[in-house]
Amino acid sequence: MTSQTYLSELFSLDDRTAVVTGGSSGIGKAIAGALARAGASVVIVARKEAELAATVDELTADGCRAAWVSADLSTRGGVRAAAEQAAGVFGEPDILVNSAGINLRPPMSELGDEVWDTTMAVNLEAPHLLGQRFGPGMAERGFGRIIHITSQQAHRAFVQSGAYGVSKGALEALARSQAEAWSPHGVTCNTLVPGFVMTPLNARLSSDPDKVAALAARTMVGRNGLAEDFAGAAVFLAGRASAYVTGQAIFVDGGFSVH
Ligand SMILES: NC(=O)c1ccc[n+]([C@@H]2O[C@H](COP(=O)([O-])OP(=O)(O)OC[C@H]3O[C@@H](n4cnc5c(N)ncnc54)[C@H](OP(=O)(O)O)[C@@H]3O)[C@@H](O)[C@H]2O)c1
C-alpha cells in the first residue's frame, strides 16, 4: 500500500457532501477550503453574496466542487430555508460545520434583549436547528460528522464574554447531546475551540498591536491563531479517522488554554 492510499483511507473526503455555515470568512472559510480540497463537495452559507461568490470562485478555480447559499441564520425561517437550499445543491450533507457566529460585546450592565436574542439565535439556535434537520438523516445513512466552532469563552470569561460566552458554553453542551443521540449510528459531534484568531470577527482587538502581542505571549506556541490553523483538525473531524472521537471539545489555540 502506498502512503497516498493509506492517507486517503484515513482522511479522504471524496464523495462526501458538506455544509459549512460562515464559510465565506475567517475560520469557516479556511475549513470550507480544507474540506473541499480533501475531496468534499461543499456548500457555504452566510449573508453577504459578494464574499460567498468570491470564496466559491476561489475554490472552483482550484478544481473543487463548491456552491453558496445566502441566508440570515438569525431567524428560524432563515435557517430552515437555508438548510433546504443547501441540501438541494449536492444532496443531503454528510458533514455539517457550524462556524457562523457573532460577538457583539456590550458591557454586561448594558446587555439588552436584542443582543442576547441575536447572539443566541446565530451562535446556538442555528446550529441546533441545522442539527435537527440533518442529524437524523446522517444517522439513518450510518455516517455523519457535525463540527461546531465554540470559543475559549465556553470555558472562561474573556473580554466581555456577555451573551457570547453563554452561547458558546451551551453550544458545547449541544455537541454532547447530539453526540449522545447519534454516535451509536455513526454520527460524531464535536467542537473545535479557538483561542484568539486574527479574523474580521476580531478586527477591533486585532488593530491594537500591544493587545495582539500580549495575547500571543499567553500562548505556548508564541503567536495568535490563523484561520488556516483549523484546516487539519477539521479534515480529521470530518473524515473516517475520527470515528471514535465524539462529544469532545478540541482546543486549537497554541496552548492558550493550558498556559
Ligand atoms: N476569531 C476568533 O478569535 C474566534 C475565537 C473563538 C471563536 N471564534 C468563533 O469562530 C467562528 C468563526 O469566526 P471568525 O473569527 O471566522 O469570524 P468571521 O470572519 O467574522 O466570520 C463569521 C462568518 O459568519 C457569518 N455570519 C455572521 N452572522 C450571520 C448570520 N446572521 N447569518 C448567516 N451567516 C452569518 C459571516 O458572514 P456574513 O456576515 O456575510 O453573514 C461570516 O461568514 C465563530 O463562531 C466565532 O464565534 C472565533
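Located above this text is the structure these notes cover.
Throughout what follows, the structure given in this document is the object of discussion.

Basis of the calculations
Positions within a chain are numbered from 1, following the residues in the order the chain's sequence is written. In view of the model being predicted, local features appear only for residues whose pLDDT reaches at least 70, and side-chain atom pairs are presented and counted only at 80 or more, with totals across whole chains, interfaces and linings using the full set of residues. The secondary structure listing takes helices from DSSP runs of H or I that are at least 4 residues long and strands from runs of E that are at least 2 residues long, numbered from the N terminus. Helices are assigned an expected span. That span is 1.5 Å times one less than the residue count. In this scheme the burial state of a residue depends on its C-beta neighbours within 10 Å: 20 or more other such atoms mean buried, 12 or fewer mean exposed, and anything in between means partly exposed; the C-beta positions come from the backbone. The directions considered for the arc run from the helix axis to the C-beta atoms. Note on contacts: each residue gets a C-beta atom placed from the backbone, and two residues are in contact if those atoms are within 7 Å.

### A word on helix 3 (residues 49-61)
Over its 13 residues, helix 3 runs 18 Å from end to end, which matches the ideal 18 Å to within 8%, given 1.5 Å per residue. What helix 3 keeps buried is the set L52, T55, V56 and L59. Viewed end-on, helix 3 has its buried residues packed into an arc of 95 degrees, placing them on one side of the element. Exposed residues pointing more than 90 degrees away from the buried face of helix 3 are listed as A50, D57 and A61. Along its buried surface, helix 3 packs onto helix 2 (26-37), strand 2 (41-46) and strand 3 (66-70). At the C-terminal side of helix 3, G63 shows a positive phi close to 90 degrees.

### Regarding the environment of W116
The residue W116 is located in helix 5 (residues 113-141) in this model. Judged by local crowding, W116 falls into the partly exposed class, with 16 C-beta atoms found within 10 Å. Once the C-alpha coordinates of W116 and Y164 are considered, the two residues, 48 residues apart in sequence, prove to be 8.3 Å apart. In contact with W116, other than residues within four places in its own chain, are L111 and A163.

These figures capture arrangement, not role.
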